[in-house]
Amino acid sequence: MRLYAAVAGGAFRRHTTYRVATAAGVFTNTVFGFVFAYTYMALWAERPRLGGYDMAEALAYVWIGQALLATCGLMGGGFEDELMERIRTGDIAVDLYRPADLQLWWLSVALGRSGFLLLGRGVVPMAIGALAFDIALPARPLTWLAFLLSVALGVVVSFAVWYLVALSAFWLMDGAGVVQVAWLSGTFFSGMLLPLTVFPGLLGEVARVLPWASMLQVPADVFLEKRTGWGLVEAYAFQACWALVLLAAGRVLQRAATRRVVVQGG
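Heads up: these notes are all about the structure in this document. No experiment lies behind these values; they were computed from the predicted model shown. (Residues numbered from 1 in each chain as written. Predicted model: local features only at pLDDT ≥ 70, side-chain atom pairs only at ≥ 80, totals over all residues. Heavy atoms only, no water.)

### A look at the overall build of the protein
Filter applied, for reference: Strands are runs of DSSP state E lasting at least 2 residues, helices are runs of H or I lasting at least 4, and numbering of each runs from the N terminus. Each radius of gyration is computed over the set of C-alpha atoms, and the globule rule expresses the reference value as 2.2 Å times the number of residues to the power 0.38. Buried means the residue's accessible area, taken with a 1.4 Å probe over protein chains only, is under 20% of the maximum for its type, while exposed means over 50%, and partly exposed covers the values in between. Note on contacts: a residue pair qualifies if any of its non-hydrogen atoms lie within 4.5 Å across the two residues. Here the Shrake-Rupley method, with its probe set to 1.4 Å, supplies the accessible areas, and only the displayed protein chains count as covering residues.
Looking only at helices and strands, one finds 11 helices and 0 strands in the protein. The C-alpha atoms of the protein give a radius of gyration of 19 Å, which matches the 18 Å a tight globule of 266 residues would have. Looking at the 266 residues of the protein, the share that counts as buried comes to 49%. Contacts in the protein between residues far apart in sequence, at least 24 positions, make up 79% of those at least 6 positions apart. Of the roughly 12,900 Å² of accessible surface on the protein, 70% is carried by carbon and sulfur atoms.

Right, here's the structure in full:
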């Protein structure tokens with residue numbers, strides 16, 4: 001495990017060097033945060049308690065979304081581009097023969113990247129949102145820790161989804177279509193546009209049980225203390241189950257890809 005901890009640390013340090021990109025990301029997240037905040041204010045003024053949130057909770061949801069947008073890779077743009085490029089060029093063969101697990105290696109990269117993005121691109125927009133608007137904040141200090149754990153689980157689920165997307169490049173001439181579908185699904189079903197509790201009927205029920213809910217909707221509800229006691233345990237169990245299922249699916253695809261490389265190499 002020391003190796004993977006070093007990989008995660010290296011990924012964290014690597015992203016600290018992108019200072020201009022980080023500043024641009026903070027600016028972008030902040031601007032979009034204001035756009036969404038004023039949109040939500042107009043919507044909630046017409047429909048108070050929409051989705052079970054009051055105005056302050058809805059505004060907090062906006063800024064949580066901006067903090068987690070890059071952290072949880074809701075729109076991609078993380079490790080999957082590099083991994084897919086290595087598959088396309090054939091460099092992945094070297095990775096598969098290394099004495100390190102491919103999935104754990106890239107999970108470590110994703111965790112290091114997400115840790116930096118939470119601090120580098122998440123904290124500042126959230127702080128600006130708290131200063132500019134009357135947003136709901138946790139009443140109990142332990143909620144912050146519960147929120148961070150939920151975010152960590154959301155990052156693992158996000159990694160597992162994008163790992164499957166990246167591995168599709170072994171069988172597709174161009175994985176751009178799969179990336180586009182995953183990007184659209186993450187945008188819509190994570191709750192980035194609107195809380196999933198707003199979605200009506202069957203659409204809402206389906207959206208709330210899909211893995212993308214683990215990346216924003218569930219952490220936001222933990223932050224807003226909608227999930228407490230057994231509800232918090234259920235939230236963690238939901239995220240952990242999706243993480244295990246998707247990581248296991250990634251294992252299966254990884255073995256199939258390894259056999260494909262071995263056969264072609266032979």
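Picking up after the structure, the text goes on.
### Thoughts on the packing of helix 4 (residues 79-89) against helix 6 (residues 102-132)
Helix-helix packing is characterised by the crossing angle of the two axes and by the distance between the axes. Operational definition: Angles run from 0 to 180 degrees between N-to-C directions of axes, and those axes are lines fitted to C-alpha atoms, restricted for helices to the stretch in contact. Here is the rule for angles: anything less than 35 degrees is roughly parallel, anything more than 145 is roughly antiparallel, 65 through 115 is roughly perpendicular, and the remaining ranges are oblique. Throughout this entry, Asp, Glu, Lys and Arg are counted as charged residues, while Ala, Val, Leu, Ile, Met, Phe, Trp, Tyr, Cys and Pro are counted as nonpolar. The remaining residues, Gly among them, count as polar.
Helix 6 packs onto helix 4 with a crossing angle of 150° between their chain directions and a minimal axis gap of 10 Å. Here helix 4 lies roughly antiparallel to helix 6, going by the angle between them. Residues Phe79, Glu82, Leu83 and Arg86 of helix 4 form the contact with helix 6, whose participating residues are Trp106, Val109 and Ala110. A per-class count over the contact of helix 4 with helix 6 returns 5 nonpolar, no polar and 2 charged.

### Thoughts on the packing of aromatic side chains
Rules: Centre distance within 6.5 Å is the pairing criterion for rings of Phe, Tyr and Trp, where only the six-membered ring of Trp is used; planes under 30 degrees apart are then read as stacked, over 60 as edge-to-face, and the remainder as tilted.
Using the criterion set out here, one finds 17 aromatic pairs in the structure. Relative to tryptophan 106, the ring of phenylalanine 79 has its centre 6.1 Å away and its plane inclined at 35°; by these criteria the two rings are tilted. In this pair, phenylalanine 79 is assigned in helix 4 and tryptophan 106 in helix 6, connecting sequence segments 27 residues apart. Since its relative accessible area comes to 8%, phenylalanine 79 is described here as buried. One aromatic cluster is present, built from ring pairs that chain together Phe34, Tyr38, Trp63 and Phe133.

### Points about empty space enclosed by the protein
To keep it simple, the criterion reads: With a 1 Å grid spanning the protein atoms alone, the term cavity applies to any set of points in which a 1.4 Å probe fits but cannot get out, the term pocket to an open set with protein on both sides within 12 Å along at least five of seven lines, and the term lining residue to any residue with an atom within 4 Å of a point. Grid points are joined across faces, edges and corners, and a volume is the space filled by probe spheres set on the points.
By the definition in use, this model includes 2 cavities of 30 Å³ or more. Its volume calculated, the largest cavity comes out at about 110 Å³. In terms of lining, the largest cavity is formed by 15 residues, of which the most central are Gly73, Phe79, Ala110, Arg113 and Ser158. When contributions to the lining of the largest cavity are tallied by element, the ones reaching two or more residues are helix 4, helix 6 and helix 7 (142-167). In the lining of the largest cavity, the residues fall into 6 nonpolar, 7 polar and 2 charged. Within this model, the second largest cavity holds a volume of roughly 40 Å³. Lining the second largest cavity, in full, are Phe36, Tyr40, Tyr61, Val62, Gly65, Gln66, Met192 and Leu216. Of all the secondary-structure elements, those providing two or more residues to the lining of the second largest cavity are helix 2 (19-46) and helix 3 (55-71).

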